Amino acid sequence: NAGVTQTPKFRILKIGQSMTLQCTQDMNHNYMYWYRQDPGMGLKLIYYSVGAGITDKGEVPNGYNVSRSTTEDFPLRLELAAPSQTSVYFCASSPNAGVLSEQFFGPGTRLTVL
Amino acid sequence: DQQVKQNSPSLSVQEGRISILNCDYTNSMFDYFLWYKKYPAEGPTFLISISSIKDKNEDGRFTVFLNKSAKHLSLHIVPSQPGDSAVYFCAATRRQAGNKLTFGGGTRVLVKP
C-alpha cells in the first residue's frame, strides 16, 4: 500500500498564480484533511472531508478551496497565491466515523510564494 | 487562542535516559489525545494515543499520562535512543468534531549517543 501520496513535493509560485496540490489515499478512508505547517509551528487544519461530496472548513480556510469527488482524492486549490501561503502542506486520512483513530499523513508539499 | 500548547520547544537527552515531553490544553471538551513524531522532510507519524477515560497508556518504550484536572498530558520515552531524535507533536480532538485534530507547536528532541 502506498498510503497517502502528495504531489508535487516542492513548488515555487509567484504572487497571484494558482495551483492545485494533489492528495490521494489508497486505504479506502472516508475522512481526509489538509493541514499547513508554518516554520516552528504546529499543524493547522485548512479543510476536511468526511466523505465524497462533503467538505467543510477548518481553522485557516481563507485563500483555499477543496473538492472531494472520489473517496481516494482530495485536491487543495490555491487561487491567488500570496506570500502568507508559504508553508508546508500535509494531507491526511483516517478511517470511518464513530471511531476516534489516528490520522495517516502524506510526506508533504513545500510551497514557496515569492 | 492556542488550545494545545507545548511550552518546551526543544529537549536534549542522553541515550538510555528518559525523555519527558509535556503538553497542556485549555479546551475541556477534548476527549482524545495523540502524540505524533515527525522527521525532517516527512509527514507526521502516529506514536501513541489516550482516551480521556484513562490516565495512562503504554506501548513499548512510550507511555502517555493524562491529568484531566490539570489539563495536562506527558509523553515518556524510556530508554531514549538516537533514532528518537525528531519533532514530537501533541494533538487533541473531541468525539463530536469529526476527528479534527488541534496540534501543539511541537518539541524537538535530540538524543545524544
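Before going into details, it helps to say that this report is about the structure given with it.

Overview of the sheet that holds strand 8 (residues 72-77) of chain B
In a beta sheet, neighbouring strands pair by backbone hydrogen bonds and run either parallel or antiparallel. Residue and element names in this part refer to chain B. Taken in spatial order, the 5 strands line up as 1-3-8-7-6 in an open sheet, and their pairing is antiparallel. If you trace the sheet from one side to the other, it starts and ends with strand 1 (4-5) and strand 6 (56-59), each paired once. Here 6 bridges tie strand 3 (residues 19-25) to strand 8, and the two strands are oriented antiparallel to one another. Residue pairing in the sheet places Asp24 in a bridge with His72 of strand 8.

Comments concerning the sheet that holds strand 3 (residues 19-25) of chain A
Residue and element names in this part refer to chain A. With antiparallel pairing, 4 strands are arranged side by side in an open sheet as 1-3-8-7. Strand pairing shows two members of the sheet lacking a second neighbour, strand 1 (4-7) and strand 7 (64-66), which therefore form its edges. Neighbour-to-neighbour, the strand axes of the sheet open up by a mean angle of 20 degrees, direction not taken into account. Across 4 bridges, strand 1 lies against strand 3 in antiparallel orientation. What sits directly across from Thr5, in strand 3, is Thr24.

So, the interface of chain A and chain B
A common way to state how big an interface is: give the accessible area lost once the parts meet. Taken together, the 19 residues of chain A in the interface contact 21 residues of chain B. Between chain A and chain B, roughly 1600 Å² of surface is buried when both sides are summed, and carbon and sulfur atoms account for 61% of that area. Connecting chain A to chain B are 0 salt bridges. The tally of links between chain A and chain B comes to 1 residue pair in polar contact (both at pLDDT 80 or more). Listing elements by their share of the side of chain A that touches chain B, those giving two or more residues are strand 4 (31-37), strand 5 (43-51) and strand 9 (87-94) of chain A. It is strand 4 of chain A that provides the largest number of residues to the side of chain A that touches chain B, a total of 4 residues. Taken together, the residues of the side of chain A that touches chain B sort by class into 11 nonpolar, 7 polar and 1 charged.

What to know about the state of the cysteines
Summed over all chains, the structure comprises 2 disulfides over all chains. At a sulfur-sulfur separation of 1.8 Å, the disulfide partner of Cys23 of chain A is Cys91 of chain A. For the disulfide bridge between Cys23 of chain A and Cys91 of chain A, the dihedral angle about the S-S bond is near -70 degrees, and by the sign convention the bridge is left-handed. Linking Cys23 of chain A in strand 3 with Cys91 of chain A in strand 9, this pair joins segments that are 68 residues apart in sequence. The two residues Cys23 of chain A and Cys91 of chain A agree in class, both being buried. Put simply, Cys23 of chain B and Cys90 of chain B are joined by a disulfide, and their sulfur atoms are 2.1 Å apart. Taking the sign of the torsion about the S-S bond as the criterion, the disulfide between Cys23 of chain B and Cys90 of chain B, at about -70 degrees, is left-handed. Placement of Cys23 of chain B in strand 3 and of Cys90 of chain B in strand 9 (residues 86-93) is noted, with a sequence separation of 67 residues between them. By relative accessible area, Cys23 of chain B is classed as buried at 0%.

The rules behind each value
- Residue positions are given per chain, counted from 1 along the sequence in the order it is written.
- Working convention: letters from A go to chains and numbers from 1 go to ligands, in the order in which they are written.
- It should be noted that, the model being predicted, local features are given only for residues of pLDDT at least 70 and side-chain atom pairs only at 80 or more, the latter also being counted only at that level, while totals for whole chains, interfaces and linings use all residues.
- In computing side-chain properties, one takes all heavy atoms of the structure into account and sets aside hydrogens as well as water.
- At least two bridges found by DSSP between two strands are what make those strands a pair.
- To qualify as a helix, a DSSP run of H or I must reach at least 4 residues; to qualify as a strand, a run of E must reach at least 2; elements of each kind are numbered from the N terminus.
- In this analysis an axis means a line fitted to C-alpha atoms, helices contributing only their contacting stretch, and an angle means the value between N-to-C directions, from 0 to 180 degrees.
- The contact rule is simple, with two residues in contact once any of their heavy atoms fall within 4.5 Å.
- Once two parts are put together, the accessible area they lose, assessed with a 1.4 Å probe and summed over both, is termed the buried area.
- Salt bridges are defined by distance alone: a side-chain nitrogen of Lys or Arg within 4 Å of a carboxyl oxygen of Asp or Glu.
- What qualifies as a polar contact is a pair of N or O atoms within 3.5 Å, subject to a donor-acceptor requirement within protein and to the restriction that residues adjacent in sequence count only when both atoms come from side chains.
- Any residue that is not Ala, Val, Leu, Ile, Met, Phe, Trp, Tyr, Cys, Pro, Asp, Glu, Lys or Arg is counted as polar, Gly included; the first ten are nonpolar and the last four charged.
- Note on disulfides: each one is a pair of cysteine sulfur atoms within 2.5 Å.
- Relative accessibility under 20% of the residue-type maximum defines a buried residue, over 50% an exposed one, and the middle range a partly exposed one, all with a 1.4 Å probe and only protein chains included.

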